Amino acid sequence: MTRARWAIAVAAAIVPVACGDETTARLTPDQEQRYAAEGVTRRAADLTFRFTRDPGGRGERWENRRASIVVTRSSLLIHKNEKVGLEVTPRTQREVSVQRSAGRIRIRSGTGRSEEVWSFEPPSDAEGWTTDIRAQIKQSKGGSTR
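Residues numbered from 1 in each chain as written. Predicted model: local features only at pLDDT ≥ 70, side-chain atom pairs only at ≥ 80, totals over all residues. Heavy atoms only, no water.

**Student:** Would you explain the side chain of Thr-24 in this entry?
**Tutor:** Relative to the elements of secondary structure, Thr-24 occurs in the loop between helix H1 (3–18) and helix H2 (29–38). Take Thr-24: its relative accessible area is 1%, and that puts it in the buried class. Within polar-contact distance, the side chain of Thr-24 engages the side chain of Ser-68 at 2.6 Å. Other than its neighbours up to four places away in sequence, Thr-24 contacts Asp-46, Arg-66, Ala-67, Ser-68, His-79, Lys-80 and Asn-81. (Helix = DSSP H or I, 4+ residues; strand = E, 2+ residues; numbered from the N terminus. Buried < 20%, exposed > 50% of the residue type's maximum accessible area, 1.4 Å probe, protein only. Polar contact = N/O pair within 3.5 Å; in protein donor to acceptor, adjacent residues only side chain to side chain. Contact = heavy atoms within 4.5 Å.)

Following this line, the structure appears as structure tokens:
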């Protein structure tokens, strides 16, 4: 095989991986089973979240993150595959709230300098998403509807 053909073959193998065929929605089989048992109410893959740390504070920092979200009757998970960005369960003690502004939803977690905001536009029905997230958050120890 000539060098040119070899280079083309290697490039053809690498390009699909580098072009972003990757999804953020993969979970472990145990996670899939757990969320299915809890009753998934909303799920969306590969959304752009605006992640803000210390919003309104001197140290405010934000970045856009590609992630997926799963909402069940008792859990909320924002994740990039198995990597957890935010998880809210009935045992969550941090203050958590949800707000909607037109088509955008903001999930606030924590207070003061440790506060984080995960803001996103759901694929459809922002009001329904907000209602389902709010119902889940009310079950956590730190939940509020602010």
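After that view, the rundown keeps rolling.
**Student:** What is the right way to look at the sheet that holds strand E4 (residues 83–88) in this model?
**Tutor:** Backbone-to-backbone hydrogen bonds pair the strands of a sheet. The strands run either parallel or antiparallel. Spatially, 7 strands are ordered E4-E3-E2-E1-E7-E6-E5 in an open sheet, and the strand pairing comes out antiparallel. The outermost strands of the open sheet, each flanked by one partner alone, are E4 and strand E5 (96–101). Between one strand axis and the next, the sheet turns by 30° as a mean value, whatever way the strands run. Looking at chain direction, strand E1 (residues 40–53) and strand E7 (residues 116–120) are connected through 4 bridges and run antiparallel. Along E7, the bridge assignment pairs Phe-51 with Trp-118. (Pairing = 2+ DSSP bridges. Axes fitted to C-alpha atoms, helices over the stretch in contact; angles between N-to-C directions.)

**Student:** Any chance you could explain unusual backbone geometry here in plain terms?
**Tutor:** With the exception of glycine, the majority of residues adopt a negative phi angle, and the majority of peptide bonds are in the trans configuration. With a phi close to 55°, Asp-46 is a non-glycine residue in the positive phi region. Among the structural elements, Asp-46 can be located in strand E1. For Asp-46, a relative accessible area of 30% translates into the label partly exposed. At Asp-54, a position not held by glycine, the phi torsion is positive, near 55°. Relative to the helices and strands, Asp-54 is located in the loop between E1 and strand E2 (61–72). By relative accessible area, Asp-54 is classed as buried at 11%.

**Student:** It is not clear to me how the packing of aromatic side chains should be interpreted in this structure. Could you clarify?
**Tutor:** Any two aromatic rings considered together are summarised by their centre-to-centre distance and by the angle between their planes. Across all of its chains, the model carries 4 aromatic pairs by this definition. Here the aromatic rings of Phe-120 and Trp-129 are separated by 5.8 Å at their centres, their planes lie at 75°, and the arrangement is edge-to-face. For Trp-129, a relative accessible area of 3% gives the class buried. Three or more aromatic residues joined by ring pairs make a cluster, and in this case those are Phe-49, Phe-51, Trp-118, Phe-120 and Trp-129. (Phe/Tyr/Trp six-rings, centres within 6.5 Å; stacked < 30°, edge-to-face > 60°.)

**Student:** Quick question: what am I supposed to make of the environment of Glu-95 here?
**Tutor:** By the element assignment, Glu-95 lies in the loop between E4 and E5. Residues Glu-95 and Thr-111, spaced 16 residues apart in sequence, show a C-alpha to C-alpha distance of 6.9 Å.

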